[in-house]
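In case you want the letters, here they are:
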Amino acid sequence: MKKNFIWIMSPITLGVAILLDAAVLGFGIFAIIKLTQVQNARVIFFAAVVALAIIVGFLYTKEVFKNGIIFHEDEFEFTGIDEKNVFSYDDISQIETYQDTAASLKKNFIDRSALMIITLKDKSIYTINIGLTTKGTLQKIRKELKKYIEPEKVTHREVKRATSAKSKDSDEKENNEES
């Protein structure tokens, strides 16, 4: 069975995970050096806390690296979701992807928050928050979906702001004008 995996993690998240792991390992080396020099209750407690931080950091990094979408021959699976994470291509009526494109000082400038709304033929709707991701990653996901689903069933919409006071019709009008 052919599998194709698309990693959803943003470059910023990768950088933060690596930076945090490096910092925790640095504290671990410092704790070992202090334990060899001085052995009192404070140093032993500090070393124990750092050991716990190393374990938590390893688990966090492992979780960050496994988030993605696996495309099989007959279904696709979100690896970062525990329940209702597998969708058969035959059951899908429509897939809409949304991505915020507004520049903001609250968000970084490379990544934008993305959603995927999956409508099944039985009229059930699932909203998957992909989180911060690049435009390129979202395009790769849509391209892969179009291999298995009719291309007109896979649509995309860019939202100009995170919270909109305008109506959906005016957003669609702006999107159509840019196309």
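Residues numbered from 1 in each chain as written. Predicted model: local features only at pLDDT ≥ 70, side-chain atom pairs only at ≥ 80, totals over all residues. Heavy atoms only, no water.

A word on the nonpolar core
In this structure, F76, M116, I118, I141 and L145 are the most contacted members of the largest nonpolar core, which totals 21 residues. For this core, the secondary-structure elements that each account for two or more residues are β2 (68-71), β3 (75-78), β5 (92-100), β6 (112-120), β7 (125-133) and α3 (135-148). For this core, the leading source of residues is β6, giving four residues. Sequence-distant contacts of I118, that is, excluding residues within four places in its chain, are made with F76, F78, F87, I92, Q94, I95, S124, I125, Y126 and I128. (Core = buried A, V, L, I, M, F, W, Y, C linked by side-chain atoms within 4.5 Å. Buried < 20%, exposed > 50% of the residue type's maximum accessible area, 1.4 Å probe, protein only. Helix = DSSP H or I, 4+ residues; strand = E, 2+ residues; numbered from the N terminus. Contact = heavy atoms within 4.5 Å.)

As for a nonpolar patch on the surface
On the surface, a cluster of nonpolar side chains totalling about 320 Å² of accessible area is made up of I12, V16, L20 and Y60. In terms of residue count, the dominant contributor to the nonpolar patch is helix α1 (residues 11-37) (three residues). You can see I12 is positioned in helix α1. A relative accessible area of 35% means that I12 is categorised as partly exposed. (Patch = residues over 30% accessible without salt bridge, like charges linked within 9 Å, V, L, I, M, F, W, Y side chains within 5 Å. Areas by Shrake-Rupley, 256 points an atom, 1.4 Å probe, with all protein chains shown as cover. Salt bridge = Lys/Arg side-chain N within 4 Å of Asp/Glu carboxyl O.)

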